[in-house]
Amino acid sequence: MKIPNRLQPLVDDGLIDDVLQRLKSGKEADVYTVLCGGNIQCAKVYKEATQRSFKQAVQYQEGRKVRNSRNSRAMQKGSKFGRKQQEESWQTAEVDALFRLANAGVRVPQPYMCIDGVLLMELVTDGDGTVAPRLSDVVLSEENAVADFDTMIRNIVRMLCAGIVHGDLSEFNVLLDDNGPVIIDLPQAVDAAANNHAESMFERDVNNITAYYGQFAPQLLQTRYAKEIWKLFEDGKLTPETPLTGLFVEEVHDVDMDSLIDEIIAAEDEFYDRQRAAKERNDQYE
């Protein structure tokens, strides 16, 4: 095939021997299979911000650290240089997350390098060497659905223990090889401790995965892993091997309405007292 412009420099530099085919065109990147040193790898070519349908929403960027203070200021101002740095930050976020998760035992493609907006990483295949399908393209038996769901939940726990929330997890960004599910597409991954939206994103991720597997094993739809796992994480009790039940009971507190009304009335009285005092001070100077 004709070599894409973004991959040509890597071919010229000998990092890629040949471009075999385009696997997909996604909302934030195009993905190709490439030949590198006799091995078939995956090349993810990130799209420019103007071409992406997935926007770099503020809630995803919150909590991301920028080591260089000059770059950080430029990104905040939105200058041309700042936008360039923001693009690089968006791309390296996935590389950083992949390395951290691979080291934490999470099933993700092994990353190799990221250069000029191109991420080279492992190509996930099935036993025949064919590109592994996405979960959205697979029909599972009830038994396999339950087993793979348990694997996914354990991988999600490992992710959270590594301080990462995927942020866009669903059946469309999980591959299925002969050893089970493999999590992909992490440029929007967020810091679980530093991002104020992490909890809601985590709950959405888990609920998406539960809904998918629940099509084949309806009993999974009754589980409440998202809230159970996050509560353990908040309490500092979550480890990669923490036993889970899938059960969670919301804490319910009785409201003392009389005391609440008394507090409201007291606050109103204090407000009007301050207003009267301010008026009296003004009257003294007139």
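On a predicted model such as this, the values are computed, not experimentally measured, just so you know.

The rules we used
- Residues numbered from 1 in each chain as written.
- Predicted model: local features only at pLDDT ≥ 70, side-chain atom pairs only at ≥ 80, totals over all residues.
- Heavy atoms only, no water.
- Helix = DSSP H or I, 4+ residues; strand = E, 2+ residues; numbered from the N terminus.
- Areas by Shrake-Rupley, 256 points an atom, 1.4 Å probe, with all protein chains shown as cover.
- 1 Å grid on protein atoms, 1.4 Å probe; cavity = no way out; pocket = protein on both sides within 12 Å on 5 of 7 lines; lining within 4 Å.
- Points joined across faces, edges and corners; volume = space filled by probe spheres on them.
- Nonpolar A, V, L, I, M, F, W, Y, C, P; charged D, E, K, R; others polar.
- Polar contact = N/O pair within 3.5 Å; in protein donor to acceptor, adjacent residues only side chain to side chain.
- Axes fitted to C-alpha atoms, helices over the stretch in contact; angles between N-to-C directions.
- Left-handed = near helix turned anticlockwise from the far one by under 90°.
- Contact = heavy atoms within 4.5 Å.
- Patch = residues over 30% accessible without salt bridge, like charges linked within 9 Å, V, L, I, M, F, W, Y side chains within 5 Å.
- Salt bridge = Lys/Arg side-chain N within 4 Å of Asp/Glu carboxyl O.
- Lys, Arg positive; Asp, Glu negative; His and termini not counted.
- Charge placed at Lys NZ, Arg CZ, Asp CG, Glu CD.
- Pairing = 2+ DSSP bridges.
- Buried < 20%, exposed > 50% of the residue type's maximum accessible area, 1.4 Å probe, protein only.
- Core = buried A, V, L, I, M, F, W, Y, C linked by side-chain atoms within 4.5 Å.

(A) Representation of the overall build of the protein chain in the model. What the protein chain contains, in helices and strands, is 8 helices and 9 strands. For the protein chain, the accessible area works out to roughly 16,300 Å², and carbon and sulfur atoms hold 48% of it.

(B) Representation of empty space enclosed by the protein within the structure. Taken as a whole and judged by the stated rule, the model has 1 cavity of 30 Å³ or more. Put simply, the largest cavity is a space of about 50 Å³. Considering the residues around the largest cavity, the lining is formed by Ile156, Met159, Ile164, Val165, His166, Leu169, Phe202 and Asp205. Of all the secondary-structure elements, those providing two or more residues to the lining of the largest cavity are α5 (142–161), β6 (164–165) and α6 (198–214).

(C) Representation of the layout of surface pockets. Approximately 300 Å³ is the volume found for the second largest pocket. Contributing to the lining of the second largest pocket are 17 residues, with Leu23, Lys24, Val31, Leu175 and Ile184 lying nearest its centre. Residue assignment for the lining of the second largest pocket shows that the elements contributing at least two residues are β1 (18–25), β3 (39–46) and β5 (118–122). Of the residues that constitute the lining of the second largest pocket, the class distribution is 11 nonpolar, no polar and 6 charged.

(D) Structural detail: the environment of Lys47. Note on placement: Lys47 falls in the loop between β3 and α2 (58–61). It is 9.8 Å that separates the C-alpha atoms of Lys47 and Arg6, two residues lying 41 residues apart in sequence. Within the structure, Lys47 has its side chain in polar contact with the side chain of Ser25 (distance 3.3 Å).

(E) Geometry of the packing of α6 against helix α7 (residues 225–234). At a minimum axis distance of 9 Å, the contact between α6 and α7 shows a crossing angle of 145°. Our pair here, α6 against α7, has a crossing hand that is right-handed. Residues Ala198, Glu199, Phe202, Glu203, Val206 and Asn207 of α6 pack against Tyr225, Ala226, Lys227, Ile229, Trp230 and Glu234 of α7. Partitioned by chemical class, the residues of the contact of α6 with α7 number 7 nonpolar, 1 polar and 4 charged.

(F) Layout of a negative patch on the surface. A cluster of acidic residues, Asp256, Asp258, Asp262 and Glu263, forms a negative patch on the protein surface. Among the secondary structure elements, Asp258 is positioned in helix α8 (residues 257–285).

(G) The sheet that holds strand β4 (residues 111–115), seen in detail. One open sheet accounts for 5 strands, arranged β1-β2-β3-β5-β4; its pairing is antiparallel. The outermost strands of the open sheet, each flanked by one partner alone, are β1 and β4. On average, each strand axis in the sheet is tilted by 25° relative to the strand beside it, whichever way the strands run. Bridging between β1 and strand β2 (residues 29–36) involves 6 bridges; their strand directions are antiparallel. Residue pairing for β2: Lys24 is matched across the bridge by Val31.

(H) Highlighting the pairing of β2. The element β2 is largely enclosed, with a buried count of 7 among its 8 residues. What sits between β1 and β2 in their antiparallel hairpin is a turn of 3 residues. Looking at chain direction, β2 and β3 are connected through 8 bridges and run antiparallel. Residue pairing for β3: Val31 is matched across the bridge by Lys44. The hairpin turn running from β2 into β3, its antiparallel successor, is 2 residues long, and Gly37 in that turn takes a positive phi close to 60°.

(I) A look at the nonpolar core. One finds Val165, Tyr213 and Ile229 to be the most contacted residues of the largest nonpolar core, which totals 51 residues. A total of 8 residues in this core trace back to one element, the largest contributor, which is α5. Excluding its chain neighbours within four sequence positions, the residues that come into contact with Ile229 are Ile153, Val157, Leu160, Phe202, Leu238 and Leu244. Counting residues in hydrophobic clusters, the runner-up holds 12 residues, among them Leu7, Val11, Val45 and Leu120.

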